[in-house]
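Summary of structural features
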Amino acid sequence: MGLVIYEIRLVFQAFMDIFLDALPFMLLGVLLSTVVENYIPEAFIRRMTPRHPLGGILFACVLGIMFPLCECGMIPFVRRLMLKGMPVYIAVIFILVGPILNPIVFASTFMAFRGEPAMAFSRMGLTFGVALIVGLLLTRFLKNSPLRQPIQNQAHAPHHHNHDHNHSHSHSHSHSHKHSHDHDHHHGHNHTHGDNRMMTMISHGTTELFEMSKYLMLGAFLTALIQTFVAKESLSTIGQGPFISHVFMMGFAYLLSLCSTTDAFVAASFATTFSSGSLLAFLVFGPMIDVKSTLMLLSIFKARFVLTLSIVVAVTVLTGSLLFMHFFLA
């Protein structure tokens, strides 16, 4: 009985260490994601989108730096950008790299790997390399639309809605009490609009915090269980393998579906048993392709495209992490 209590205490202590280290970065990510969601106009991004493929890939990476969205809120945000005219290949690259190429993720990775700062820079570098390779492949081989539904059909209904609204407004233009009526109405409308925006921000932030904390707690708990009950010798055998450790950690990242602002703390807890290259593969592949992002991708893209994209990303990350381990993380 005493041994069981001792093991439960070990699991709880490991869980709390990981969760409390990651919590401030998760809260900061939710806050910035909420601000981006409610205050950044999508039309502004559409106007700045380059036409050249290489410029579009770089633009997608810059968007990730400018707008630190977690992968939980990435798909709805990108769907709206495509409705505003963003090319599909730029949107796909933004979905992949946006959750990683931002200051919050860099800071959390740097803090998690205090004794190995090269990990944070390697994570950003490998992510950019994956974006470049996948983006060039998309511009070269993507001939048909991978979307489940055409963008034009989705955008058509709101256009008619706006037209009807404007027509109705013009029809009431001749009302004799227009000035005073409009003044009162405008004042009340602004007040209501401000209240609605605040309520929307609170609702969005609460929802995203719940989603992110749910995955973080699950990931921290499973990690604590593994560290407590799986023999160190077994983990070391897998973790130091030149190839199997990378595959194992990529599969682990896929299943855990952690938020990119917190996954570095889970990865760092394996630093003594797994190679740096395999931890890098965990940190890059997980935010790009995991269980929840796969389901969200399938909501807007065809299944064949999602499968092909996942395989290309997996092969690119695996190859890149092996190269980074040999040249930069040795």
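Residues numbered from 1 in each chain as written. Predicted model: local features only at pLDDT ≥ 70, side-chain atom pairs only at ≥ 80, totals over all residues. Heavy atoms only, no water.

Our focus in this paragraph is the side chain of Thr109. Here Thr109 lies in helix α6 (residues 103-112). With near-sequence residues (within four places) excluded, Thr109 lies in contact with Met119, Ala120, Arg123, Ala264 and Leu283. (Helix = DSSP H or I, 4+ residues; strand = E, 2+ residues; numbered from the N terminus. Contact = heavy atoms within 4.5 Å.)

As a further point, take the packing of helix α13 (residues 276-288) against helix α15 (residues 303-327). Where α13 contacts α15, the axes come no closer than 9 Å and their chain directions differ by 155°. Taken together, the axes of α13 and α15 lie roughly antiparallel to each other. For the crossing formed where α13 meets α15, the hand is right-handed. Across the interface between the two elements, Gly277, Leu280, Ala281, Val284, Phe285 and Met288 from α13 touch Ser310, Val313, Ala314, Val317, Ser321, Phe324 and Met325 from α15. In terms of residue class, the contact of α13 with α15 is built from ten nonpolar, three polar and no charged. (Axes fitted to C-alpha atoms, helices over the stretch in contact; angles between N-to-C directions. Parallel < 35°, antiparallel > 145°, perpendicular 65-115°, else oblique. Left-handed = near helix turned anticlockwise from the far one by under 90°. Nonpolar A, V, L, I, M, F, W, Y, C, P; charged D, E, K, R; others polar.)

Here Ser257, not a glycine, exhibits a phi torsion of approximately 55°, which is positive. Secondary-structure assignment places Ser257 in the loop between α11 (244-256) and α12 (263-268).

So, about α15. When the terminal C-alpha atoms of α15 are compared, their 36 Å separation across 25 residues agrees well with the 36 Å that a helix rising 1.5 Å per residue should span. Among all positions in α15, only Phe305, Val306, Leu309, Ser310, Val313, Thr316, Val317, Leu318, Gly320, Ser321 and Phe324 are buried. Buried positions along α15 lie against α5 (88-97), α7 (118-141), α11, α13 and α14 (291-298). (Expected span 1.5 Å × (residues − 1). Buried < 20%, exposed > 50% of the residue type's maximum accessible area, 1.4 Å probe, protein only.)

Look at α11 against α15: their axes get within 11 Å of each other, and the N-to-C directions meet at 130°. With respect to each other, α11 and α15 are oriented oblique. You can see that α11 and α15 cross each other, and the crossing is right-handed. Across from His246, Val247 and Met250 in α11, the residues of α15 making contact are Ala314, Val317, Leu318, Ser321, Leu322 and Met325.

Considering all chains together, one arrives at one salt bridge under this definition. Ionic pairing is found between Arg123 and Asp263, a salt bridge with its closest N-O pair at 2.8 Å. Taken together, the residues span a long stretch of sequence, with Arg123 in helix α7 and Asp263 in helix α12 at a distance of 140 residues. For the pair formed by Arg123 and Asp263, the shared burial category is buried. (Salt bridge = Lys/Arg side-chain N within 4 Å of Asp/Glu carboxyl O.)

This part takes up the environment of Gln13. Take Gln13: it is sitting in helix α1 (residues 2-39). Spatially, the C-alpha atom of Gln13 lies 8.2 Å from that of Ala224, the residues being 211 residues apart in sequence.

Here we come to the packing of aromatic side chains. Taken as a whole and assessed by the stated rule, the structure comprises ten aromatic pairs. With 6.1 Å between their ring centres and 20° between their planes, Phe248 and Phe252 make a pair best called stacked. Remark: Phe252 and Phe248 occur in helix α11; sequence separation between them is four residues, near one turn of the helix. For the pair Phe252 and Phe270, a centre-to-centre distance of 5.8 Å together with 90° between the ring planes defines the contact as edge-to-face. You can see Phe252 sitting in helix α11 and its partner Phe270 sitting in the loop between α12 and α13, a full 18 residues away along the chain. Relative accessible area serves as the criterion here: at 3%, Phe270 is assigned to the buried category. Members of the aromatic cluster, joined through ring pairs, are Phe248, Phe252, Phe270, Phe274 and Phe282. (Phe/Tyr/Trp six-rings, centres within 6.5 Å; stacked < 30°, edge-to-face > 60°.)

If you look at the biggest cluster of nonpolar residues, it comprises 82 residues, and the most contacted ones within it are Leu96, Phe282, Met288, Phe301, Val313 and Val317. For this core, the element with the highest residue contribution is α5, accounting for ten residues. Those residues in contact with Phe301 that lie beyond four places of it in its chain are Met82, Val88, Val92, Ile95, Pro146, Leu147, Arg148 and Val306. (Core = buried A, V, L, I, M, F, W, Y, C linked by side-chain atoms within 4.5 Å.)

Reading fine detail from the predicted coordinates is not recommended where pLDDT is low. Across the chain, the average pLDDT comes to 79, with 79% of residues at 70 or higher. A low-confidence stretch, residues 153-189 stays under pLDDT 50, and its non-local contacts, those more than four residues away or across chains, total four contacts. (pLDDT = per-residue confidence, 0-100.)

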